[in-house]
Amino acid sequence: MLARWATMAERLTEETVQKIADAAAIALTDEERQTILKELQEILDFVDVLRAVPVDGVEPTVHPVPLAIFMREDEPERRHDREALLARAPEAEGGFIRVPRVLGD
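What you are looking at is a predicted structure, and each value in this text was computed from that prediction instead of being measured. (Residues numbered from 1 in each chain as written. Predicted model: local features only at pLDDT ≥ 70, side-chain atom pairs only at ≥ 80, totals over all residues. Heavy atoms only, no water.)

K.L.:
Help me understand the pattern of salt bridges, please; the structure alone is not making it clear to me.
P.N.:
Oppositely charged side chains can form a pair if their charged atoms are brought close together. One pass over the full model with this rule turns up six salt bridges. Across the pair Lys38 and Glu42 runs a salt bridge whose closest N-O atoms are separated by 2.7 Å. Taken together, the positions of Lys38 and Glu42, both in helix α4 (residues 30-51) and four residues apart, correspond to about one turn of that helix. Linking Arg98 and Glu91 is a salt bridge whose minimum nitrogen-to-oxygen distance equals 3.3 Å. In this structure, a network of salt bridges that share partners links the residues Glu14, Asp30 and Arg33. (Salt bridge = Lys/Arg side-chain N within 4 Å of Asp/Glu carboxyl O. Helix = DSSP H or I, 4+ residues; strand = E, 2+ residues; numbered from the N terminus.)

K.L.:
Which parts of the structure should I look at to understand unusual backbone geometry?
P.N.:
When glycine is set aside, most residues are seen to have a negative phi, and most peptide bonds are trans. Look at Ala25: it is not a glycine, yet its phi comes out positive at around 55°. With respect to the helices and strands, Ala25 occurs in the loop between α3 (14-23) and α4. In this structure Ala25 comes out as exposed when scored by relative accessible area, which is 71%. (Buried < 20%, exposed > 50% of the residue type's maximum accessible area, 1.4 Å probe, protein only.)

K.L.:
What am I meant to see in the packing of α3 against α4 here?
P.N.:
Relative placement of two packed helices is described by the angle separating their axes and the distance separating the axes. Two numbers describe how α3 lies on α4: the axes approach to 9 Å, and their chain directions differ by 105°. Relative to α4, α3 is oriented roughly perpendicular. From α3, Glu14, Val17 and Gln18 reach across to α4, where they touch Arg33, Gln34, Ile36, Leu37 and Leu40. Among the residues making up the contact of α3 with α4, the classes are represented as four nonpolar, two polar and two charged. (Axes fitted to C-alpha atoms, helices over the stretch in contact; angles between N-to-C directions. Parallel < 35°, antiparallel > 145°, perpendicular 65-115°, else oblique. Contact = heavy atoms within 4.5 Å. Nonpolar A, V, L, I, M, F, W, Y, C, P; charged D, E, K, R; others polar.)

K.L.:
I keep staring at α4 and nothing clicks. Help me out?
P.N.:
Each α-helix turn comprises 3.6 residues. Residues three or four places apart therefore point the same way. If you check α4, its first and last C-alpha atoms are 31 Å apart, about what 22 residues at 1.5 Å a residue would give, namely 32 Å. If you check which residues of α4 are buried, you get Arg33, Leu37, Leu44 and Asp48. For α4, the arc enclosing every buried residue in end-on projection is 60°, short of the 170-degree limit, so these residues lie on one face. (Expected span 1.5 Å × (residues − 1). Arc of directions from axis to C-beta.)

K.L.:
Any chance you could explain the nonpolar core here in plain terms?
P.N.:
Generally speaking, nonpolar side chains in soluble globular proteins are found buried as a group. One finds Leu12, Val17, Ala21, Leu28, Leu37 and Leu44 forming the largest nonpolar core, which totals six residues. Not counting chain neighbours up to four residues away, the residues in contact with Ala21 comprise Ile26 and Leu28. (Core = buried A, V, L, I, M, F, W, Y, C linked by side-chain atoms within 4.5 Å.)

In C-alpha cells:
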C-alpha cells in the first residue's frame, strides 16, 4: 500500500489540479495552479513520511493526555414560560411562533 501512496505525488499534475478546481467552480491562474500543485505534492510527500513510521503495537489514541468525561444527570427543567415567549413573538398561532414561508409550495 505504501507504494501506491509513494507515487501519488509524482502522478499529481496541473491537469488534475485544474479538474479539482473546475469541480469546485474555482478559477485559477497559471501561477495559482503551479503553487497549489507544489503544495499538494508536499502534502502527499509528508503523508509518505507518516505512512513510513512503524506503528505496530502502538495503541491508538484520540488525545495525547487521558481525559475524564464528566457527565451530569439529565434532568428536564422548565427554563422559559411558553406563554410569555409566544406573547413576545411577532405572530403566533396554535401555540407556535408563525414565520414567513422560506420554501416554495
